[in-house]
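Fold and geometry: a report
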Amino acid sequence: MQDGNQNTYLVEVNDPKSADIVGKMMVWGMVSVGILAILIKVYGTVIGWYHASVAWLTEAGQYAASFWPF
């Protein structure tokens, strides 16, 4: 039973332009996250190479210095 004073309205909005904008924002967000993930991977690789080369140079220097008579 409905009250005569109570009105119920159902408003359905179908805006394809806003859905398109939201879709584009989601795609750009995923692309940005992907680019950041690639940059993090590249940074980690470069830092690993740097630390490995510094360790190798340190060990090579210590080995070469071990031949000096001082």
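Residues numbered from 1 in each chain as written. Predicted model: local features only at pLDDT ≥ 70, side-chain atom pairs only at ≥ 80, totals over all residues. Heavy atoms only, no water.

1. With respect to the overall build of the protein
Stated formally: The helix count covers DSSP runs of H or I at least four residues long, the strand count covers runs of E at least two residues long, and both are numbered beginning at the N terminus. Whether a residue is buried, partly exposed or exposed follows from its accessible area with a 1.4 Å probe, protein chains only, as a fraction of its type maximum: under 20%, in between, or over 50%, in that order. Throughout, the Shrake-Rupley method with a 1.4 Å probe supplies accessible areas, and for residues the shown protein chains are the sole cover considered.
The secondary structure content of the protein amounts to one helix and zero strands. Within the protein, the proportion of its 70 residues that are buried is 0%. Carbon together with sulfur atoms contributes 69% to the accessible area of the protein, which is approximately 7,100 Å² in total.

2. A closer look at a nonpolar patch on the surface
In plain terms, the rule: Nonpolar side chains (Val, Leu, Ile, Met, Phe, Trp, Tyr) are joined into patches within 5 Å and like charges within 9 Å, using only residues with over 30% relative accessible area and no salt bridge. The salt bridge definition used is simple: a Lys or Arg side-chain nitrogen within 4 Å of an Asp or Glu carboxyl oxygen.
Together, Val22, Met26, Val27, Trp28, Met30, Val31, Ile35, Leu36 and Leu39 make up an exposed nonpolar region whose accessible area comes to about 930 Å². Its place among the elements puts Met30 in helix 1 (residues 16–65).

3. Things to note about the UniProt feature "transmembrane region" (unreviewed entry) in the protein
Applied cut-off: UniProt positions are given in the numbering used here, feature names are shortened, and annotations may be inferred rather than shown by experiment.
Under the feature "transmembrane region" (unreviewed entry), the UniProt entry names residues 27–50. What you have in residues 27–50 is 100% helix and 0% strand, and the ends, taken at the C-alpha atoms, are 35 Å apart.

4. Here's the deal with the environment of Thr45
Here is the rule: Polar contact is defined as a pair of N or O atoms within 3.5 Å, subject to the rule that within protein one atom must be able to donate a hydrogen and the other to accept it, and that residues adjacent in sequence are counted only when both atoms are side-chain atoms.
Within the secondary structure, Thr45 sits in helix 1. What makes Thr45 partly exposed here is its relative accessible area of 31%. At a separation of 2.9 Å, a polar atom in the side chain of Thr45 contacts the main-chain carbonyl oxygen of Lys41.

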